[in-house]
Every structure is written in structure tokens, then in C-alpha cells.
Amino acid sequence: MKKAALITGGAVRIGKAVALALAERGYDIALHCRNSEKQAVRLAGAVRRAGRDCEVFCCDLSDPAAALELVPAVRRRFPHCRLLINNASVFERGTLRDLSPSSWRRIMAVNLDAPVFLTRAFAAAFRRGHVVNLCDAKAAANFTSHFAYTMSKKALLDFTAMSAAGLGPAVRVNAVAPGLILPSREFGTRDLVRLSAGLPLGRKGTVSDVVSAVLFLEDNPYITGQTVYVDGGMHLL
Ligand SMILES: NC(=O)c1ccc[n+]([C@@H]2O[C@H](COP(=O)([O-])OP(=O)(O)OC[C@H]3O[C@@H](n4cnc5c(N)ncnc54)[C@H](OP(=O)(O)O)[C@@H]3O)[C@@H](O)[C@H]2O)c1
């Protein structure tokens with residue numbers, strides 16, 4: 001049976017790897033992006049050359065009206081969409097003392113409000129399927145240097161459980177919580193290697209570790225409300 005997946009922030013990094021892995025497994029891809037349109041168009045070409053259908057949907061998920069439009073637009077193009085990957089995210093430093101109402105709102109809008117309302121729209125539009133939320137292993141602790149980001153991911157973990165309880169049996173909802181995987185503007189590869197030396201598994205993870213957790217959750221129809229930590233044991237510390 002034909003299946004499609006919607007991946008937010010799917011043009012680069014982890015989202016791109018998830019999109020490619022799903023395309024290899026036969027999914028058509030609704031590829032959402034905001035600024036990375038060029039990369040998204042290139043990736044869409046690669047997906048099509050691999051024999052799957054792909055279309056790029058650009059919108060700013062910090063704008064609630066734009067976020068509300070995304071699922072209906074995907075439904076018109078891919079009525080067979082059965083998987084939503086809430087991957088788009090803003091990662092920004094800032095303690096509670098530094099916090100401004102505007103940065104709180106922007107981070108919450110992308111990292112929490114968008115997954116909540118996309119999940120709601122997905123369940124209403126497609127009636128059945130699976131949602132995977134990309135959370136963060138740091139949400140298991142209190143990462144106070146990134147207050148709003150960590151709060152958003154803590155709430156996303158609870159949203160995963162509550163929405164799974166509320167949307168079954170037609171819709172499953174799960175989460176993947178990566179640990180130290182890819183460098184960011186703040187933490188370079190060397191920082192990740194140094195920090196990961198203190199983890200129970202003693203090394204940083206890879207993008208394919210994250211992708212395989214997403215595929216595992218998608219493959220197992222009897223799992224819902226679950227968070228898989230792909231973090232070398234970081235959440236245990
Ligand atoms: N990388 C890691 O090591 C790591 C660790 C823990 C958790 N995670 C989680 O895993 C997921 C993927 O990680 P990542 O590092 O690949 O993500 P990322 O590069 O930080 O962000 C993914 C995409 O989110 C999109 N985005 C940001 N703001 C947006 C907005 N206002 N509207 C629409 N899209 C927006 C961007 O799309 P455009 O580029 O198109 O603008 C960006 O490419 C994230 O949810 C992240 O929190 C990652």
C-alpha cells in the first residue's frame with residue numbers, strides 16, 4: 001500500500017537523514033522546510049530519482065496561521081500520508097534570568113505549539129497513522145543554560161504520552177530523544193566528543209542511531225506513548 005510521510009525541518013541534518021531512510025523504504029515524502037529551501041529542492045530531486053514522490057512545503061512554524069495551513073496542503077498532495085515526524089526545532093542558549101517573552105514565545109511556538117497543532121491536524125485529516133516527536137535527552141534533566149529549549153522538550157515528552165493516550169487506537173504517538181549527535185553553533189564536534197566521554201556508553205551518537213530508532217517505532221504497531229532515548233545513557237545521569 002502506498003504511504004507518505006511529512007517531515008518538518010527535513011531539508012538538512014537529522015531530518016534529511018530520516019527523509020532519505022523513509023524514501024528508501026518506499027514512502028513518498030512531504031518535505032517541510034523554512035530557510036533551507038535550496039537544500040530541500042536538492043533532496044526532493046534525490047528522493048524522486050530513488051523512485052518516490054516528493055514535494056517541498058515551506059513555512060515558518062513560529063507563525064501559528066502558517067503552521068495550521070501545512071497539514072491541509074500536504075493532504076491535498078499526499079492523501080496517503082500516514083506518518084508525521086515533528087523534527088523542526090529551535091536550539092538557543094538562555095537562562096531563566098535572561099529570558100524575554102519574545103524568545104520564550106518563539107521557541108515554544110516551534111518546539112511545542114507546532115508539534116501539538118500539527119499532530120491534531122494530522123489526526124483529523126488522515127484519521128490514522130503515526131506521529132514521532134523529536135525530543136531531547138537533555139529534557140530528562142534540568143539543562144538550565146537553555147531554559148526555554150529544555151522546557152519545550154520536557155513538555156513535548158509529556159505531550160507524546162498524553163496525545164498517545166488520547167488519539168489511540170487510530171493514531172500512535174511516540175518520541176525519540178537524541179543525546180549528543182550533531183554539532184551546533186554552540187557545541188562543536190570537539191565539545192561533543194569531550195562531553196560524551198562522561199556518558200555510560202562513552203561516545204557520541206550518530207545520525208543513523210537516531211534514524212534507526214525512528215524506523216523501529218514506525219515498524220512496531222504495538223508501541224505508543226513511548227520515548228526512546230538515543231543518548232548513550234545521558235538521561236541516566
Ligand atoms: N542534533 C543533535 O545532536 C540533537 C540532540 C538532541 C535533540 N535533537 C533534536 O532532534 C531534532 C533534529 O535535530 P537537528 O539538530 O537536525 O535540528 P536543527 O538543525 O536544529 O533544526 C532542524 C530544522 O528545524 C527547522 N526550523 C527551525 N526553526 C523553524 C521555524 N521557525 N519554522 C520552521 N522550521 C524551523 C529548520 O529548517 P530550515 O533549515 O529549513 O530553516 C532546521 O533545519 C530536533 O528536534 C532537535 O531538537 C538533536
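Residues numbered from 1 in each chain as written. Predicted model: local features only at pLDDT ≥ 70, side-chain atom pairs only at ≥ 80, totals over all residues. Heavy atoms only, no water.

### A few points about the overall build of the chain
Counting its regular elements, the chain contains seven helices and seven strands. Element order for the chain, N to C, with α for helix and β for strand: β-α-β-α-β-α-β-α-β-α-β-α-α-β. If one aligns the C-alpha atoms of the chain with their principal axes, the spans along those axes are about 45 × 40 × 35 Å. With 237 residues in all, the chain has 50% of them scored as buried. Relative to all contacts within the chain whose residues are 6 or more apart in sequence, the contacts with residues 24 or more apart total 72%. When the accessible area of the chain is evaluated, it comes to approximately 11,500 Å², of which 55% is carbon and sulfur surface. Computed over 31 positive and 19 negative side-chain charges, the inter-centroid distance for the chain is 3 Å. (Helix = DSSP H or I, 4+ residues; strand = E, 2+ residues; numbered from the N terminus. Buried < 20%, exposed > 50% of the residue type's maximum accessible area, 1.4 Å probe, protein only. Contact = heavy atoms within 4.5 Å. Areas by Shrake-Rupley, 256 points an atom, 1.4 Å probe, with all protein chains shown as cover. Lys, Arg positive; Asp, Glu negative; His and termini not counted. Charge placed at Lys NZ, Arg CZ, Asp CG, Glu CD.)

### Comments concerning the site of the ligand
In the neighbourhood of the ligand, 27 residues make up the surrounding shell, with Arg 34, Asn 35, Ser 36, Asp 60 and Leu 61 lying closest. Residue Ser 89 places a side-chain N or O atom 3.1 Å away from an oxygen atom belonging to the ligand. The separation between an oxygen atom of the ligand and a polar main-chain atom of Ile 181 is 3.2 Å. Protein contacts shield 90% of the accessible area of the ligand, which totals 880 Å² for the unbound molecule. Counting only elements with at least two residues in the shell around the ligand, the list comes to α1 (13–24), β2 (27–33) and α5 (147–167). (Near = heavy atom within 4 Å. Polar contact = N/O pair within 3.5 Å; in protein donor to acceptor, adjacent residues only side chain to side chain.)

### Some points on the packing of α1 against helix α7 (residues 207–219)
Where α1 meets α7, the axes come as close as 9 Å, and the angle between the chain directions of the two elements is 50°. Regarding the angle of α1 to α7, the classification is oblique. The two elements α1 and α7 cross, and the hand of that crossing is right-handed. Between α1 and α7, the residues in contact are Ile 14, Ala 17, Val 18, Ala 21 and Leu 22 and Val 207, Val 210, Val 211, Val 214 and Leu 215, respectively. Grouping the amino acids of the contact of α1 with α7 by side-chain chemistry returns ten nonpolar, no polar and no charged. (Axes fitted to C-alpha atoms, helices over the stretch in contact; angles between N-to-C directions. Parallel < 35°, antiparallel > 145°, perpendicular 65-115°, else oblique. Left-handed = near helix turned anticlockwise from the far one by under 90°. Nonpolar A, V, L, I, M, F, W, Y, C, P; charged D, E, K, R; others polar.)

### A short note on the packing of aromatic side chains
We describe a pair of aromatic rings using the distance from one ring centre to the other and the angle between the two ring planes. Tallied over the entire structure, the rule returns five aromatic pairs. What links up through ring pairs into an aromatic cluster is the set Phe 91, Tyr 149 and Phe 187. We note Arg 77 situated over the ring of Phe 78; from NZ or CZ to the ring centre the distance is 4.7 Å. (Phe/Tyr/Trp six-rings, centres within 6.5 Å; stacked < 30°, edge-to-face > 60°. Lys NZ or Arg CZ within 6 Å of the ring centre and 35° of its normal.)

### Here's the deal with the side chain of Asn 133
Within the secondary structure, Asn 133 is located in strand β5 (residues 129–134). Only 2.9 Å separates the side chain of Asn 133 from the side chain of Asn 86, close enough to count as a polar contact. If sequence neighbours within four positions are ignored, Asn 133 has contacts with Asn 86, Pro 115, Leu 156, Phe 159, Thr 160, Val 173, Asn 174, Ala 175 and Val 176.

### Let's talk about the packing of helix α4 (residues 101–126) against α5
Here α4 crosses α5 at 15°, and the two axes come no closer than 9 Å. Compared by their axis directions, α4 and α5 come out roughly parallel. Between α4 and α5 lies a crossing whose hand is right-handed. Residues Trp 104, Ile 107, Met 108, Asn 111, Leu 112, Pro 115, Val 116, Thr 119 and Ala 123 of α4 form the contact with α5, whose participating residues are Phe 147, Ala 148, Tyr 149, Met 151, Ser 152, Lys 153, Ala 155, Leu 156, Phe 159 and Leu 167. By residue class, the composition of the contact of α4 with α5 is 15 nonpolar, three polar and one charged.

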